[in-house]
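Analysis of the macromolecular model
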Amino acid sequence: MNKAIEIFGNHIYKLTQSKPKKALKQLSFVYTAAGLQCKYLPSKLLLPARQYMQWAAADSAIKPLKNSDNSAIVNLYLPCEILHAMGIYQMFPEALSCYLAAAGSEKIFIETAENNGVPKTLCSYHKGFIGLVESGVLPKPKFVINTNLACDVNHLSFRRAAEYYNIPHFMIDVPSEYNEKNLNYVENQLHEMTVFIEKNSGFRLDESRFNEVIDRSKNTIRNFRQMMKLRKDVFLSDEMTSHMLSVFATHIMLGTKEAEKYSADMIKQLSNYQKERKGVRLLWVHTLPYWQDALRELINFTDRCEIVACDMTLDAIDVNLDEENPYRYMADRLLRNTVNGSRENRINAVLKYAKELDADGVVWYCHWGCKQTAGSSSAAKEMLEQNGLPTLILDGDGCNPQNVNDGQTVTRMEAFLELLENRK
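Summary of the structure given here. (Residues numbered from 1 in each chain as written. Predicted model: local features only at pLDDT ≥ 70, side-chain atom pairs only at ≥ 80, totals over all residues. Heavy atoms only, no water.)

Attention shifts here to the overall build of the chain. Assigned secondary structure in the chain consists of 18 helices and eight strands. Taken over C-alpha atoms, the radius of gyration comes to 20 Å for the chain, in line with the 22 Å a tight globule of 424 residues would show. Sequence separation of at least 24 residues holds for 79% of the intrachain contacts in the chain that already meet a minimum separation of 6. Accessible surface for the chain amounts to roughly 17400 Å². Of this, 49% is attributable to carbon and sulfur atoms. Charge-centre separation for the chain: the mean point of 50 positive side chains lies 4 Å from the mean point of 51 negative side chains. (Helix = DSSP H or I, 4+ residues; strand = E, 2+ residues; numbered from the N terminus. Rg over C-alpha atoms; globule rule 2.2 N^0.38 Å. Contact = heavy atoms within 4.5 Å. Areas by Shrake-Rupley, 256 points an atom, 1.4 Å probe, with all protein chains shown as cover. Lys, Arg positive; Asp, Glu negative; His and termini not counted. Charge placed at Lys NZ, Arg CZ, Asp CG, Glu CD.)

This is the structure:
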């Protein structure tokens, strides 16, 4: 870890215990400075579209911290088009904890959650989020909205946050089976969510603005479909962070001008690349530990290997874009999500993406506390390898260094890359 980041992390650790509001101001200042650096002094190794998205994602994470009275806590899978149309900002655990890890500041918040009775085995993203809430650092939002999709800890962390702040809480129940009855059920809940937001925000949903947001949402997904086609034949020297930013674009930021611009710019820039292959092509499953220096040195900006996609970016890419009813479109996206339903849904989707992207192998990343990913890892490895895709099951943590063994991670990753190189 960079020495300056380590020093700042230690400073936040001490400051949070005595002056949490001041800790928030200093975290916000550092995030703002980092966002401005991404905007005006970006890494020249990245595509311009990636540079833009680094700033856009940072800006989306900073705004709710500075405007908490016009913000909501949400989960990663919530369709946020209604919130975007009303101008309400979103706080969500994955972004909050990612930026804590990037600032070397996650330790005090994870410890706070564990000291308040949260099990050590819980997802680190959510422990960081709960710690931010219960340390007094995260400012009080208007309300909490989440789905039950994919993550069991949703039932704990979002309810707990709503009770801590004493604010309204709305949850969307997503059944595991895709059918007409369940589409109607989820669509009705999304209508109820609109009523909930209007009641607790004081805003009214402008239908014309909402339709504009939905159009941008669909355009962004169309663009990602086109990006997949282009990536099949293009080598792109890149970094792990880029894929986390793409996850933001197809989830919480879906429907924003920034996500649409990012996806459109990626198409333009990838279209100018020559068709060529260099090194090993990896499809990554689940979150990426972009903060981990040992993996960064092995994967980022190298001709030896590239991550062609992360499955989380593409988890709802097969949504019905011809659906004209915006609520039906969002309901369809929730029910079609590859992490919904049986483990075979996700495994089959990974197999499909790997073939479409001409991947050489799959890294199935078992993030600390994620039962869904870890629980399906053995079945995934067996099925993927039966279909000719070597698969590495890699244990780690997307945001907590204390749960990661650098030496073991690198050794296993090196061996996997060698295996794939020998097969080419």
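Right, let's get into the side chain of Asp238. Looking at the secondary structure, you find Asp238 in the loop between α10 (207-231) and α11 (240-249). By relative accessible area, which is 10% here, Asp238 ends up buried. A distance of 2.7 Å separates a polar atom in the side chain of Asp238 from a polar atom in the side chain of Ser242. Beyond its immediate chain neighbours, meaning those up to four positions away, Asp238 contacts Leu46, Arg50, His243, Ile299, Asn300 and Phe301. (Buried < 20%, exposed > 50% of the residue type's maximum accessible area, 1.4 Å probe, protein only. Polar contact = N/O pair within 3.5 Å; in protein donor to acceptor, adjacent residues only side chain to side chain.)

Our next topic: the nonpolar core. Across soluble globular proteins, nonpolar side chains show a tendency to be buried alongside one another. Among the nonpolar cores identified, the biggest contains 150 residues, and Leu138, Ile197, Trp284 and Met413 are the most heavily contacted of them. Not counting residues within four places of it along the chain, the set of residues in contact with Leu138 comprises Leu65, Ile73, Met91, Leu96, Phe129, Leu132, Val133 and Tyr165. (Core = buried A, V, L, I, M, F, W, Y, C linked by side-chain atoms within 4.5 Å.)

Taken together, the four strands give an open sheet; going across it, the order is β6-β5-β7-β8, and neighbouring strands pair in parallel fashion. In the strand order of this sheet, the two ends are held by β6 (305-310) and β8 (391-396), each with one partner. Put simply, the sheet's adjacent strands are angled 30 degrees from each other on average, direction ignored. Of the pairings in the sheet, the one linking strand β5 (residues 280-285) to strand β7 (residues 361-367) comprises four bridges and is parallel in character. Looking at the pairing, Trp284 lines up with Val363 of β7. On top of the sheet, helix α18 (residues 406-423) reaches β5, β6, β7 and β8; it is set at about 165 degrees to β8, its chief contact. (Pairing = 2+ DSSP bridges. Axes fitted to C-alpha atoms, helices over the stretch in contact; angles between N-to-C directions.)

Right, let's talk about the environment of Ile393 for a bit. Inspection of the secondary structure assignment puts Ile393 in strand β8. The class of Ile393 is buried, set by a relative accessible area of 17%. Placed 19 residues apart in sequence, Ile393 and Ala374 show a C-alpha to C-alpha distance of 8.8 Å. Once residues lying within four places of it in the same chain are set aside, the contact partners of Ile393 are Trp364, Cys366, Ser377, Lys381 and Arg412.

At a minimum axis separation of 10 Å, helix α15 (residues 343-356) and helix α17 (residues 377-386) run at an interaxial angle of 40 degrees. The interaxial crossing formed by α15 with α17 has right-handed handedness. Every residue of α17 that contacts α15 at Arg343, Ile347, Asn348, Val350 and Leu351 is listed here: Ala379, Ala380, Met383 and Leu384. Taken together, the residues of the contact of α15 with α17 sort by class into seven nonpolar, one polar and one charged. (Left-handed = near helix turned anticlockwise from the far one by under 90°. Nonpolar A, V, L, I, M, F, W, Y, C, P; charged D, E, K, R; others polar.)

Spatial relationships are all this shows, so hold off on functional conclusions.
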